[in-house]
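Observations on chain architecture
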Amino acid sequence: MKDRLKSAEAEKPGANGSEVSATKAAAEEVTGAEALLKSLVEEGVDTIFGYPGGAIMPVYDKLLDYSDSLRHILTRHEQGAAHAAQGYAMVTGKPGVCFATSGPGATNLVTGIANAYLDSVPVVFITAQVTSGLIGTDAFQETDILGISMPVTKWNAQVKNAVEIPDTVARAFYIARTGRPGPVLVDISKDAQLESMTFRYRKCTFIRSYNPVNHLISRDIESAAVMINHAERPMILAGHGVIISGAVEELKTLAEKGGIPVAVTLLGIPAFSHDHRLFAGMLGMHGNYAPNVLTNRADLIIAAGMRFDDRVTGNLKKYAPQARVIHIEIDMAEIDKNVRADLGINGDVREVLTAMLPQIRERKREEWIREFRILDRTEHEKVIKPETEPEKGDLKMGEVVKAVSEIAGSNAVVVTDVGQHQMAVARYYRFTDSNTLVTSGGMGTMGFGLPAVLGAATGSTGRQVIAFIGDGGFQMTLQELGTIMQYRIPVKIVILNNNFLGMVRQWQEMFFNSRYASTEMVNPDFVTLASAYGITARKITSREDLKPVAAEMLGSEGPFILVAEVSRTANILPMVEPGASVSEVTLTYNSKS
């Protein structure tokens, strides 16, 4: 704390209303476009995902002079650039950066911006705007991207004068990466890109109106420790915030010291090793049987870096009726929003757990843990074994995921699209290392997987990067195969093809009397399609070919697509049906098809 205060005293007020620290770079005359690029270099940016256009041409012209320090990945669509920047940010822990031009270029980013916003991922979006004198006149390719993006950005700003660019960029990066991370957007008019200005960069480290981290209150820490020590059936719910804050080891220590089972949210999956004896499984609609049922048996819920999303809680009126709730969350707005907390601790998860650990008593709680293991065996016999070890019939998504997981090992980064295959990966891939999953959680964006995997691979030098994508989501952004081809990005892509929009089909079967409205798909030959992009591809239809072809894919040097033809009518179970309590989870379902 003293060091923080000392650094704050040394900072000087900046033009952006914040306190900033000057870099050693000498002042020089540059255009606004070059000032933007120099600002990115000062922030440690090395990779940009983007797509050029008229209003942002001055920036792209200057980008040629920065090829040694800034790598630009030309995606095939602005939405692809947005998702790629998020994939890059999730694996590196650094803000991703994305460029787009005005009008349709900017609006094509919106789904990607919203995706990053709901999943708390820091991405700095830079859009161009028409010249300042034309703003508000409905000029060619003009749109109010600030107004459009305001609900799904942590902060946005428009720059009409070149001199404002460095301080605005500094503020954007500070806001994106601090507190609860999230996307920011800076919109720069074309004339501001062309103007000359004297460049001097000063990093932003404080904004008077913005307090990203609260100071911990010692009595809250003490109260939490007392509640944990006295609980008989405590349960930890670990979310994405555990990974963002770097609290994986602290979480493990708390669980082991207190003998507390740990359940994870979708985005929190890599926060706790699946091989650990205290791992309880995934929560929620398609989560594991034990953590769902026993949520309503627990006498204490310790929610760490998660927001009680509706897919986790099921029917709120029936949620955790016997439990007191400790909610550790960096965003105060999330505390008491969905589930009332008996003790809300507004702070960084790692700081909170570090302060709490010395006060936690060592406990075994073996009888409570045994309840999880009993339910695990039930789920294994009724759901997991038939899905991952079928003896006959069509290939199952679960067995494909399991086979790839066993061959790839623990160090691989796994990316998914959205749908049945996403839940199969969440259930059957063995995650033992932290920060190894990139997926779309809050937004549930089909089409996320392919661009996200190229972004993740760009930021994961030396690591295997694997994407699991459904046939529907793949065709939403398949143009990004061109990006993979151009930059020879060595991603491994598994298309789980059931010729249906699988998750929608499942709901139609279960809740709409098997009336399959607009969900069956006639797909192209994905192998032939891959060959058009110079990408090696193999199709499998039998389980005898599964492991050999998966091994071939993971042993190849360049990009590789494995097309697995899987059961057309299989459902993802268990399932907490709409309106049901998490403890009313459905283990089996008799297909009407």
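Values in this document were obtained by computation on a predicted structure and should not be read as measured data. (Residues numbered from 1 in each chain as written. Predicted model: local features only at pLDDT ≥ 70, side-chain atom pairs only at ≥ 80, totals over all residues. Heavy atoms only, no water.)

Below, the discussion takes up the nonpolar core. Membership of the largest hydrophobic core comes to 107 residues, with the highest contact counts inside it found for Ile326 and Phe468. A per-element tally of this core places helix H16 (residues 366–388) first, with six residues. Counting contributing residues, this core receives three or more from each of domain 2 (218–371) and domain 3 (395–569). For Ile326, the residues in contact, after removing those within four places along its chain, are Ala224, Met227, Ile228, Leu300, Ile301, Ile302, Ala303, Leu343 and Ile345. Counting 53 residues, the second largest nonpolar core, distinct from the first, contains Met90, Val438, Ile535 and Ala537. (Core = buried A, V, L, I, M, F, W, Y, C linked by side-chain atoms within 4.5 Å. Buried < 20%, exposed > 50% of the residue type's maximum accessible area, 1.4 Å probe, protein only. Helix = DSSP H or I, 4+ residues; strand = E, 2+ residues; numbered from the N terminus. Domains from an automatic or database assignment. Contact = heavy atoms within 4.5 Å.)

Our next topic: empty space enclosed by the protein. Under the criterion given, the structure shown has two cavities of 30 Å³ or more. Together, Glu387, Leu395, Lys396, Met397, Gln420, Asn498, Val566, Ser567, Ala570, Asn571 and Ile572 line the largest cavity. In terms of residue class, the lining of the largest cavity is made up of five nonpolar, four polar and two charged. Empty space within the second largest cavity amounts to approximately 50 Å³. Lining the second largest cavity are Met90, Val91, His240, Ile243, Leu267, Asn435, Leu437 and Val438. Listed by contribution, the elements that provide at least two residues to the lining of the second largest cavity are helix H4 (78–92), helix H11 (240–245) and strand E19 (437–438). Partitioned by chemical class, the residues of the lining of the second largest cavity number six nonpolar, two polar and no charged. (1 Å grid on protein atoms, 1.4 Å probe; cavity = no way out; pocket = protein on both sides within 12 Å on 5 of 7 lines; lining within 4 Å. Points joined across faces, edges and corners; volume = space filled by probe spheres on them. Nonpolar A, V, L, I, M, F, W, Y, C, P; charged D, E, K, R; others polar.)

As assigned here, the protein comprises domain 1 (20–199), domain 2 (218–371) and domain 3 (395–569). Spacing between the C-alpha centres of domain 1 and domain 2 amounts to 37 Å. The partner domain 2 presents seven residues to the eight residues of domain 1 that form the contact. Of the roughly 610 Å² buried where domain 1 meets domain 2, counting both sides, 61% is carbon and sulfur surface. Across the domain 1-domain 2 interface, the total number found is two salt bridges. (Buried area = accessible area lost by both parts, 1.4 Å probe. Salt bridge = Lys/Arg side-chain N within 4 Å of Asp/Glu carboxyl O.)

All right, on to the pairing of strand E8 (residues 155–159) then. For E8, the buried fraction is high: four of the five residues fall into the buried class. Alignment of E8 against strand E9 (residues 184–189), held across five bridges, turns out to be parallel. Each bridged residue has a counterpart across the sheet, and for Ala157 the counterpart in E9 is Val186. Viewed along the sheet, the connection from E8 through helix H8 (residues 165–177) into E9 turns out right-handed. (Pairing = 2+ DSSP bridges. Right-handed = clockwise from strand over helix to strand, strands pointing away.)

Topologically, Thr416 is positioned in strand E18 (residues 413–416). Take Thr416: its relative accessible area is 1%, and that puts it in the buried class. Here the side chain of Thr416 touches Thr439 through a polar contact of 2.6 Å, side chain to side chain. Leave out the neighbours within four places in its chain, and Thr416 touches His421, Gln422, Val425, Leu437, Val438, Thr439, Phe448, Gly449 and Phe468. (Polar contact = N/O pair within 3.5 Å; in protein donor to acceptor, adjacent residues only side chain to side chain.)

Right, let's get into the pairing of E18. Burial along E18 is two-sided: the residues Val413 and Val415 and Val414 and Thr416 are all buried. Relative to strand E20 (residues 465–470), E18 runs parallel, the two sharing four bridges. Paired with Val413 across the two strands is Val465, which belongs to E20. Where E18 meets E19, two bridges bridge the pair, whose relative direction is parallel. Opposite Val414, over in E19, you have Leu437 as the bridge partner.

Within the secondary structure, Thr388 is located in helix H16. For the pair formed by Thr388 and Pro104, sequence separation is 284 residues and the distance between their alpha carbons is 44 Å. Here Thr388 is in contact with Gly398, Glu399, Lys402 and Tyr428, once residues within four sequence places are set aside. A polar contact is formed between the side chain of Thr388 and the backbone oxygen of Ile384, at a distance of 2.8 Å.

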